[in-house]
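A structural walkthrough
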Amino acid sequence: MRLRGARISAVAIALAGVMALTTGGAASAHNYDTYFTHVSAPGSLFATHTVIIKTTSKTTYVTNIWRAESKYTVGMQAGNMCKRYHQFRYVLPRESVKRTKLTGPEGCGPMLVNSIDYDYWYAGGVSTGSSFCTRSKNSLSGNEWSEWACVTATHSH
Amino acid sequence: MIVWTARERLAQAFGLAVFAVALAGCQPAEPLAAPSLEESAGALLLRELSDVEREVLADRFVSASEHEKSEVVVRQCLEGYELEVSIEPDGRISVETSDFDEAEVERLFNECWVEVDAIREVWRLQNQPSPEQIAHAERGFVDCVADLGYVNTGASFGEASAAYSQNVLQVREEWDTSTKAENGTPNPLDACFLAYTEAVGVLPLPGLAEALAALNVS
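Residues numbered from 1 in each chain as written. Chains lettered and ligands numbered in written order. Predicted model: local features only at pLDDT ≥ 70, side-chain atom pairs only at ≥ 80, totals over all residues.

**So, the overall build of chain A**
As a reminder of what qualifies: Helix and strand assignments come from DSSP, with helices taken as H or I runs of at least 4 residues and strands as E runs of at least 2, each series counted from the N terminus. Every C-beta atom is placed from the backbone, and the number of other C-beta atoms within 10 Å of a residue's own sets its class: buried at 20 or more, exposed at 12 or fewer, partly exposed in between. Residues are defined as contacting one another if the C-beta atoms placed from their backbone atoms lie within 7 Å.
In terms of regular secondary structure, chain A is built from zero helices and 15 strands. Counting the 157 residues in chain A, one finds 56% classified as buried. Here the contacts in chain A between residues at least 6 apart in sequence split such that 63% fall between residues at least 24 apart.

Given below as structure tokens:
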């Protein structure tokens, strides 16, 4: 069982020329697998949203997620970020109904150019073949949700 | 998969660095300027108060017990919709459910949240970091970035911010695809930033102090 990172490329044009924002993918590690997907997000130039999944172990049978992160990268702006929402979407093992976890806004945080605001969750198991997704919105994104960024739980062994 | 040559990646990094330096240099991490009292986020928050908010904010002060009460109120409201409520490590409230779609969960959350959001935000205002705490946090960030070699010791916060902004994307990408990322630790440069934000803490809504001072709930 393993998670397969989806890949979405976002390309933006800047004064300095054409630059690729992101390419997502899966990273292999000794004891854990890390998967992530970047998607473009509302807000400033180069704002992105990322889902990062870290599995508990490469040898774990079930699709166990040790830690999931919902991460908003602010891109080319700085200032206070308020009204920070993060939302997770997932399917529990042996279930077919989507579940959702929403963290609400409270207070503000200082942001630098390219800095991040993130929420994390020790999620546990998810259903085989399901998508684990996150999205975010905040005052720097114009209070608009990002697209869902997802990784898919699939069989590999 | 897009494969970039070293030359292309260098051009990308250079272009990004130009933007990062330009923007970090002219936009330090300070609260966004509130255009006016009436339009500030704080003023908007206090424009319409729930009954419990009016009661608590009559003296323009939120006590610890009143803050706890706000949590009870929002929890009861959310659980009334059979949403599972939990409190995040930073005190924020989250909900979990399988009974509604994402938009409906957000609508229900906000319906309950507006009952107490003014209390919660005023509590944040009362517990905001002091100028000394912020200065200490900024000093820590500069020292952290200097220790990594991106600026000289004694650099300003603006210089360290610019160095962070122009280098962090590349550092983040390399870290996220390396074995070092497997235990969940952030890359060293983001660790500097996260330590800074943790030291600063949660900041209040812009304009909230002024709006609270002008609040009349009679």
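**Structural notes on the overall build of chain B**
Across its full length, chain B carries 10 helices and two strands. Scanning chain B from its N terminus toward the C terminus, one meets helices and strands in the order α-α-α-α-β-β-α-α-α-α-α-α. Residue burial in chain B is summarised as follows: out of 218 residues, 35% are buried. Summarising the internal contacts of chain B: among those between residues at least 6 apart in sequence, 69% fall at separations of at least 24.

**Digging into the domain arrangement of chain B**
Interface size is commonly expressed as the accessible area that is lost once the parts come together. In plain terms, the rule: Note that the domain bounds reflect an automated or database-derived domain assignment.
Here chain B is described as being made up of domain 1 (41–128 + 203–213) and domain 2 (130–200). Here the C-alpha centroids of domain 1 of chain B and domain 2 of chain B sit 31 Å apart.

**Re the packing of helix 8 (residues 157–176) of chain B against helix 9 (residues 188–200) of chain B**
For any two helices packed against each other, the geometry is given by the interaxial angle and the distance between the axes. Residues and elements named next belong to chain B. Put simply, the test is: Lines are fitted to the C-alpha atoms to define the axes, a helix being fitted only along its stretch in contact, and any angle between axes, read from their N-to-C directions, falls within 0 to 180 degrees. Each angle gets one of four labels, with under 35 degrees taken as roughly parallel, over 145 as roughly antiparallel, 65 to 115 as roughly perpendicular, and the rest as oblique. When residues are grouped by polarity, Ala, Val, Leu, Ile, Met, Phe, Trp, Tyr, Cys and Pro land in nonpolar, Asp, Glu, Lys and Arg in charged, and all others, Gly among them, in polar.
Where helix 8 meets helix 9, the closest approach of the two axes is 8 Å, and the angle between their N-to-C directions is 125°. Accordingly, the angle class assigned to the pair helix 8 and helix 9 is oblique. Where helix 8 approaches helix 9, its residues Y164, N167, V168, V171 and R172 are matched on the opposing element by L189, D190, C192 and F193. Considered class by class, the residues forming the contact of helix 8 with helix 9 number six nonpolar, one polar and two charged.

**Some words on the packing of helix 4 (residues 64–80) of chain B against helix 6 (residues 117–126) of chain B**
Residues and elements named next belong to chain B. Put simply, the rule is: Crossings are sorted by hand: turned counterclockwise from the far helix by less than a right angle, the near helix makes the crossing left-handed, and turned clockwise it makes it right-handed.
With their axes 9 Å apart at the nearest point, helix 4 and helix 6 run at an angle of 145° to one another. Between helix 4 and helix 6 lies a crossing whose hand is left-handed. Between helix 4, through E66, H67 and S70, and helix 6, the contact on the second element is made entirely by I119, R120 and W123. Counted by class, the contact of helix 4 with helix 6 contains two nonpolar, two polar and two charged residues.

**Regarding the environment of S50 of chain B**
Residue and element names in this part refer to chain B. On the secondary structure map, S50 appears in the loop between helix 2 (41–47) and helix 3 (51–56). Judged by C-beta crowding, with 15 C-beta atoms within 10 Å, S50 ranks as partly exposed. When the C-alpha positions of S50 and A160 are compared, they lie 43 Å apart, and in sequence the two are 110 residues distant. Not counting chain neighbours up to four residues away, the residues in contact with S50 comprise V114 and E115.

**What to know about the pairing of strand 1 (residues 84–87) of chain B**
All names here are of chain B. Test applied: Pairs of strands are assigned from DSSP output, requiring at least two bridges between the strands.
Pairing geometry for strand 1 and strand 2 (residues 93–97), over four bridges, is antiparallel. When the bridges of strand 2 are listed, S86 appears paired with S94. In textbook terms, the turn of a hairpin is the stretch between consecutive antiparallel strands, and for strand 1 and strand 2 this stretch comprises five residues, one of which, G91, has a positive phi near 90°.

**Let's talk about the environment of R92 of chain B**
Here R92 of chain B is to be found in the loop between strand 1 and strand 2. Look at R92 of chain B and you get partly exposed, because 19 C-beta atoms sit within 10 Å.

**Structural notes on the nonpolar core**
Our working definition: To count as a nonpolar core, a set of buried Ala, Val, Leu, Ile, Met, Phe, Trp, Tyr and Cys residues must be joined through C-beta atoms within 7 Å.
V51, I53 and F132 of chain A together with F141, V145 and Y164 of chain B are the most contacted members of the largest nonpolar core, which totals 80 residues. Of the residues forming this core, the biggest block, six residues, is contributed by helix 8 of chain B. Per-domain counts for this core show at least three residues from each of domain 1 (41–128 + 203–213) and domain 2 (130–200) of chain B. Not counting chain neighbours up to four residues away, the residues in contact with Y164 of chain B comprise L112 of chain A together with V145, L189, C192 and F193 of chain B.

**Quick notes on helix 6 of chain B**
All names here are of chain B. With eight of 10 residues buried, helix 6 lies mostly within the body of the structure. When we look at burial in helix 6, the residues that qualify are D117, A118, I119, R120, E121, V122, W123 and R124. At its buried positions, helix 6 is contacted by helix 2, helix 3, helix 4, helix 5 (102–113) and helix 10 (208–213).

**Quick look at the pairing of strand 2 of chain B**
Among the five residues in strand 2 of chain B, four count as buried, and that is most of the element. Taken together, the four bridges between strand 10 (residues 98–103) of chain A and strand 2 of chain B define a ladder with antiparallel strand orientation. In the strand pairing of strand 2 of chain B, T100 of chain A is matched with T97 of chain B.

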